[in-house]
Amino acid sequence: MADRDEMLQIDLCEGQVRVMLCETTATVQRCADIHGSTPVCTAALGRLMTGTLMLGIMMKGDDESVTVTLKGDGPMGSLVAVADHGHVKACADDPRVDLAPREDGKLDVGSAVGRHGRMSVIKDLGLKKNYIGQSELVSGEIAMDFANYFTVSEQQPSLVALGVLVSGETVLKAGGLLIQPLPGCPDEVIDQLELRSPMFADISREMTYAPIEQLCRDWFQGMNPKILERTPLDYRCTCSRERMEKALISLGTKDLQSLIDEDQGAELVCHFCHGKYKFSTEELRELMRNAVKKGEAEPE
Ligand SMILES: [Zn+2]
């Protein structure tokens with residue numbers, strides 16, 4: 001049984017380096033259960049969620065969130081993850097793509113996602129102000145794509161490790177590590193971190209040997225690691241009937257009318273949690289009447 005998922009925010013060398021280290025095993029398992037994903041897709045979605053959670057932890061406000069979309073040329077299609085300060089949800093166009101493992105025995109996440117395409121990061125800072133960052137996909141293996149995003153879009157050199165260890169439908173371990181040397185960090189500290197990077201390259205495997213707190217002490221020995229903050233993590237969808245109503249209204253009166261006339265009602269399924277929302281013809285009519293009354297939709 002996995003311990004509760006958690007993000008540790010760590011400071012090294014008296015504030016010269018910022019580190020995030022997290023376990024996301026239960027979160028990724030929940031995602032795999034919802035989507036019935038194949039091992040390679042579970043790994044891709046798990047890595048994406050873990051990286052997105054790191055961006056989410058950097059968001060401070062209650063109503064702030066971050067959406068990361070990977071649009072690669074692989075068979076999974078687009079992958080989307082949305083996170084706030086500790087919660088995440090994710091989906092993919094096709095989470096059931098099955099691919100043979102790579103020659104080294106690892107899951108071929110790069111081929112599933114695709115090696116060419118774009119990664120976009122949208123930060124919703126409340127107050128309707130969105131910050132959009134974009135970068136090219138580097139490998140589709142996701143950790144390198146996040147590292148490239150931080151370096152190119154945020155001008156923050158970063159070392160990123162993301163890992164998901166899967167056996168069939170079971171997520172054995174999942175987690176991630178982000179290391180960011182802050183401005184003024186001496187070269188010898190950066191050299192030390194690069195020297196140690198092979199230790200955390202296979203992070204999910206390392207996590208099967210020791211809890212993340214222990215890994216933190218081992219990996220950053222002599223660099224005075226201090227845990228500044230702990231945040232519980234979980235998979236959470238915020239869909240609701242109200243939000244689905246808004247989505248229906250945004251279709252416009254014409255499409256709504258055709259749902260009423262031809263389809264005798266509608267059933268909407270949430271992409272992130274597979275929650276089902278049924279609307280009868282009468283409910284759709286009512287929805288349309290109210291929307292027109294409030295000026296949210298054009299009358300026919
Ligand atoms: Zn949902």
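Quantities reported herein were computed from a predicted structural model and do not represent experimental measurements.

(A) A look at the overall build of the protein. Along its length, the protein carries 10 helices and 13 strands. What you see for the protein is a C-alpha radius of gyration of 21 Å, in line with the 19 Å of a compact globule of 300 residues. Within the protein, the proportion of its 300 residues that are buried is 40%. Excluding contacts between residues fewer than 6 apart, the proportion of contacts in the protein whose partners are at least 24 apart in sequence is 64%.

(B) Structural view of the pairing of strand β4 (residues 78-83). Among the 6 residues in β4, 5 count as buried, and that is most of the element. By the bridge criterion, 6 bridges tie strand β3 (residues 65-72) to β4 in an arrangement that is antiparallel. Looking at β4, one finds that V68 is bridged to A81. In the sheet, β4 pairs with strand β5 (residues 87-92) via 5 bridges, with the strands oriented antiparallel. Bridge assignment links A83 to a residue of β5, and that residue is V88. Where β4 hands over to β5, the hairpin turn is made up of 3 residues, of which G86 adopts a positive phi near 120°.

(C) Structural detail: the packing of helix α9 (residues 253-261) against helix α10 (residues 281-293). One can describe the packing of α9 onto α10 by two numbers: an axis separation of 9 Å at closest approach and a directional angle of 160°. Taken together, the axis directions place α9 and α10 in an arrangement best described as roughly antiparallel. Considering how the two elements wind past one another, α9 and α10 form a crossing that is left-handed. Facing α9, whose interface residues are T253, L256, L259 and I260, α10 presents T281, L284, R285 and M288. Tallied by class, residues from the contact of α9 with α10 come to 5 nonpolar, 2 polar and 1 charged.

(D) Representation of the domain arrangement of the protein within the structure. As assigned here, the protein comprises domain 1 (6-235) and domain 2 (241-293). Spacing between the C-alpha centres of domain 1 and domain 2 amounts to 36 Å. Tallying the contact residues gives 4 residues for domain 1 and 4 residues for domain 2. For the side of domain 1 that touches domain 2, the element with the highest residue contribution is β5, accounting for 3 residues. Grouping the amino acids of the side of domain 1 that touches domain 2 by side-chain chemistry returns 3 nonpolar, no polar and 1 charged.

(E) Representation of unusual backbone geometry in the model. Phi is positive for E14, which is not a glycine, with a value near 50°. Mapping E14 onto the fold places it in the loop between β1 (6-12) and β2 (17-23). Here E14 falls in the exposed class, since 9 other C-beta atoms lie within 10 Å of it. Positive phi values are uncommon outside glycine, yet Q155 reaches one of about 50°. C-beta crowding within 10 Å serves as the criterion here: with 7 such atoms nearby, Q155 is assigned to the exposed category.

So, how was this worked out
Residues numbered from 1 in each chain as written. Predicted model: local features only at pLDDT ≥ 70, side-chain atom pairs only at ≥ 80, totals over all residues. Helix = DSSP H or I, 4+ residues; strand = E, 2+ residues; numbered from the N terminus. Rg over C-alpha atoms; globule rule 2.2 N^0.38 Å. Buried ≥ 20, exposed ≤ 12 C-beta atoms within 10 Å, placed from the backbone. Contact = placed C-beta atoms within 7 Å. Pairing = 2+ DSSP bridges. Axes fitted to C-alpha atoms, helices over the stretch in contact; angles between N-to-C directions. Parallel < 35°, antiparallel > 145°, perpendicular 65-115°, else oblique. Left-handed = near helix turned anticlockwise from the far one by under 90°. Nonpolar A, V, L, I, M, F, W, Y, C, P; charged D, E, K, R; others polar. Domains from an automatic or database assignment.

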